[in-house]
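Reading the structure
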Amino acid sequence: MSDLRNGIIVVDDNSVIQYIDDIAKDILLLDNNCISKSIKDLIHDDDIIELLDKSFSSRQTEAKELRPGWDATKNLFIKVESYQTSKESGFLILVTDLSNLRKLEGLQREFVANVSHELRTPLTSIKMASESLQLGAISDDRMRSKFLSNIQREADRLTRLVNELLVIANLDNKVTLHISKFNPSELLSDVVTVMKYHADLNDITLVDDFPEHLPLLEADKDRLQQVLINLTDNAIKCNRQNGKVTVYARQDAKKLVIRVVDTGIGIHKVDIDRIFDRFFRVDKSRSRVTGGTGLGLSIVKDLIVAHGGTISVESTVDVGTTFIIVLPFESPVKEQNKENPIKA
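It should be emphasised that the depicted structure is a prediction, and the values quoted were computed from it without experimental measurement. (Residues numbered from 1 in each chain as written. Predicted model: local features only at pLDDT ≥ 70, side-chain atom pairs only at ≥ 80, totals over all residues. Heavy atoms only, no water.)

Grouped together as the largest cluster of nonpolar side chains are 41 residues, with contacts concentrated most on Leu217, Leu224, Leu231, Ile304, Ile311, Phe323 and Ile325. Secondary-structure elements contributing two or more residues to this core are helix H6 (184–201), strand E9 (217–219), helix H7 (221–237), strand E10 (244–252), strand E11 (255–262), helix H10 (296–306), strand E12 (310–316) and strand E13 (320–328). With 23 residues, the next largest nonpolar core counts Ile27, Ile43, Val80 and Phe91 among its residues. (Core = buried A, V, L, I, M, F, W, Y, C linked by side-chain atoms within 4.5 Å. Buried < 20%, exposed > 50% of the residue type's maximum accessible area, 1.4 Å probe, protein only. Helix = DSSP H or I, 4+ residues; strand = E, 2+ residues; numbered from the N terminus.)

Have a look at this one:
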């Protein structure tokens, strides 16, 4: 509900504005000179005027959700009710901007549909492979190996999805960071080793570009490994054939800078601002092929922010994308296992 913006307007019996707060001005695109003017002369929207007239004439409470004529992407809720005191009477107008709420509801509906799709696809593949084995393929060495590999791959896909859902559920409440000191180069080497097989399968060259030793980093090693594997996995999946992914790291004064650079499809400028939004996926068709849910980058950002760091992205379509992580070597989380609230 924190995304709701509520504005208040007070008008007299002649619809002349006696009071209006800044939020109402902003929502209705009114300036500071609107006091002592008729609200019906200032608002150019037939639906809102009709609502006001209906309440003004009947002195009954009227309310309606609508899309204003000046911006069809907005969702406004207008409520009008009369008031009367011993000295005066008039109307209170409540103006609520529901745009962010409705947008979130739409993303959530899309997310449920996406998760259903992501669950159904690997389950169907596993079912078909197991049925084929039962029907006799288990006796054929080549076919047995093929179907068992399919089952393993789709089971891994389900595991990734469930893990992402569990992480996002934890981030909605609190996440526990297990802070320790370690050489970040060792962590980066582990990530490159883990992801090398995946890169080779996709004809992608995975390059490490970081010194053997960096200053000790105070952080949750497992969480950072999760972040780096997610970014490297995305860089591999969204790359072009025979492309390259580089995992780079350097010391910059008291901070560690990590870059995951790919030579892939890139991200359109219009999507850059939303890239870390929960449920948002840049390329839905590609994401479904590779098993994306629109949660990964949201999780990545929340975990980096929890460490007191920042993450940003630079991208050029058909050239490639770079994700940049900046972390303090000395963690702002002073106590091990300290719980840090993270906003959803």
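Attention now goes to the packing of aromatic side chains. Scanning the entire structure with this criterion turns up two aromatic pairs. Considering the side-chain rings of phenylalanine 56 and phenylalanine 91, the 4.6 Å spacing of their centres and the 50° angle between planes classify their relative orientation as tilted. Of the two residues, phenylalanine 56 sits in helix H3 (residues 46–58) while phenylalanine 91 sits in strand E5 (residues 89–97), which places them 35 residues apart along the sequence. The pair phenylalanine 56 / phenylalanine 91 is uniform in exposure class, with both members buried. The interplanar angle of 80° and the centroid separation of 6.1 Å between the aromatic rings of phenylalanine 276 and phenylalanine 323 together place this pair among those described as edge-to-face. (Phe/Tyr/Trp six-rings, centres within 6.5 Å; stacked < 30°, edge-to-face > 60°.)

The next subject is the environment of isoleucine 324. Considering the arrangement of structural elements, one finds isoleucine 324 in strand E13. For isoleucine 324, a relative accessible area of 9% gives the class buried. Taking the C-alpha atoms as reference points, isoleucine 324 and serine 312, 12 residues apart in sequence, are found 5.2 Å from one another. When sequence neighbours within four positions are dropped, the list of residues in contact with isoleucine 324 reads Val257, Ile258, Arg259, Thr310, Ile311, Ser312 and Glu314. (Contact = heavy atoms within 4.5 Å.)

Residues lying three or four places apart along an α-helix face the same way, a consequence of the helix completing one turn every 3.6 residues. With 13 residues, H3 extends 18 Å between its outermost C-alpha atoms, agreeing within 8% with the 18 Å of an ideal straight helix rising 1.5 Å per residue. Looking at the buried positions of H3, the neighbouring elements they touch are strand E1 (5–12), helix H2 (39–42), strand E3 (62–66), strand E4 (76–84) and E5. Residue aspartate 45 occupies the N-cap position of H3, its side-chain oxygen lying 3.1 Å from the main-chain nitrogen of aspartate 47. The positive-phi residue at the C-terminal boundary of H3 is arginine 59, with phi of around 60°. (Expected span 1.5 Å × (residues − 1). Polar contact = N/O pair within 3.5 Å; in protein donor to acceptor, adjacent residues only side chain to side chain.)

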